[in-house]
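Residue strings, one per chain:
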Amino acid sequence: MPRWSPDAALVLEEAAMALFAEHGYAETTVPQIAERAGLTTRTFFRHFSEKREVVFLRDRELPTAVRTILDALPPGLRTRELVEQGLSRAAVELERWREPIIRRDAIIQTDEHLRERELLKLDHLAAAIEQGLMARDVPAAEAHVTSKVAALAFDLALRRWLDSEGSSLQDELDRAWSALRQV
């Protein structure tokens, strides 16, 4: 398999997202994406198996990002504190990317297969959180349940944040955690 080239992948991602926004996901072809990026179709297929993969490029970074965030938290935190603080740190990073996330979400909402794939992302997030918690010696069953709840809370907060005008992602995370504590 060819070596991963982040630069070519990012160029392809930007070209694809622009074309998807302009012409629609279903109407955009791989050759159009490659041409817009100034690359060949062959280069596209070195990095992505299909155009859907472009929309989910950042998912490749998810396990490493979650692990880095959890590893940076101070020792001695309870499991709930680990996930709450970890997701809060992620929220700070994501705040800067609101407009591209909104653009990406709009594209995802236009296609059933993209929506299905987005649901898988929640599972990937939960798995990454679970692995990160277990690396911090959280028992497996506790890590599993906590990671599923954390992924759902994050998804709820993200949805609300994208749909709101004045709210921050952290505000929405706080609301999601508060709602979960009341259940």
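From a predicted model like this one, the values you see are computed outputs, not experimental measurements.

A. Just the overall build of the chain, in detail. The number of helices and strands found in the chain is ten helices and zero strands. Traced from its N-terminal end to its C-terminal end, the chain shows the element sequence α-α-α-α-α-α-α-α-α-α. The proportion of buried residues among the 183 residues of the chain is 43%. Considering only residue pairs separated by 6 or more positions, the chain has 62% of its internal contacts joining residues 24 or more positions apart. Surface accessibility of the chain: about 10400 Å² in total, with carbon and sulfur atoms responsible for 56%. Distance from the positive charge centre (25 side chains) to the negative charge centre (31 side chains) of the chain: 3 Å.

B. Representation of the environment of L173. Note on placement: L173 falls in helix α10 (residues 169–182). By relative accessible area, which is 0% here, L173 ends up buried. Here the alpha-carbon distance between L173 and R160, two residues 13 residues apart in the chain, equals 9.2 Å. Discounting residues that sit within four places of it in the chain, L173 has contacts with L87, S88, A91, A153, F154 and A157.

C. Representation of the UniProt feature "DNA-binding region" (unreviewed entry) in the chain in the model. Those residues carrying the UniProt feature "DNA-binding region" (unreviewed entry) are residues 29–48 in this numbering. End C-alpha to end C-alpha, residues 29–48 measures 13 Å, and it is 75% helix and 0% strand.

D. Geometry of the packing of helix α7 (residues 98–108) against helix α8 (residues 112–135). Between α7 and α8, the least distance of the axes is 8 Å, while the angle of their chain directions is 125°. Considering the angle they form, α7 stands oblique to α8. Residue-level contacts link R104, I107 and I108 of α7 to L114, R115, E118 and K121 of α8. Of the residues assigned to the contact of α7 with α8, the class counts are three nonpolar, no polar and four charged.

Quick notes on the rules
Residues numbered from 1 in each chain as written. Predicted model: local features only at pLDDT ≥ 70, side-chain atom pairs only at ≥ 80, totals over all residues. Heavy atoms only, no water. Helix = DSSP H or I, 4+ residues; strand = E, 2+ residues; numbered from the N terminus. Buried < 20%, exposed > 50% of the residue type's maximum accessible area, 1.4 Å probe, protein only. Contact = heavy atoms within 4.5 Å. Areas by Shrake-Rupley, 256 points an atom, 1.4 Å probe, with all protein chains shown as cover. Lys, Arg positive; Asp, Glu negative; His and termini not counted. Charge placed at Lys NZ, Arg CZ, Asp CG, Glu CD. UniProt positions renumbered as here; feature names shortened; annotations may be inferred. Axes fitted to C-alpha atoms, helices over the stretch in contact; angles between N-to-C directions. Parallel < 35°, antiparallel > 145°, perpendicular 65-115°, else oblique. Nonpolar A, V, L, I, M, F, W, Y, C, P; charged D, E, K, R; others polar.

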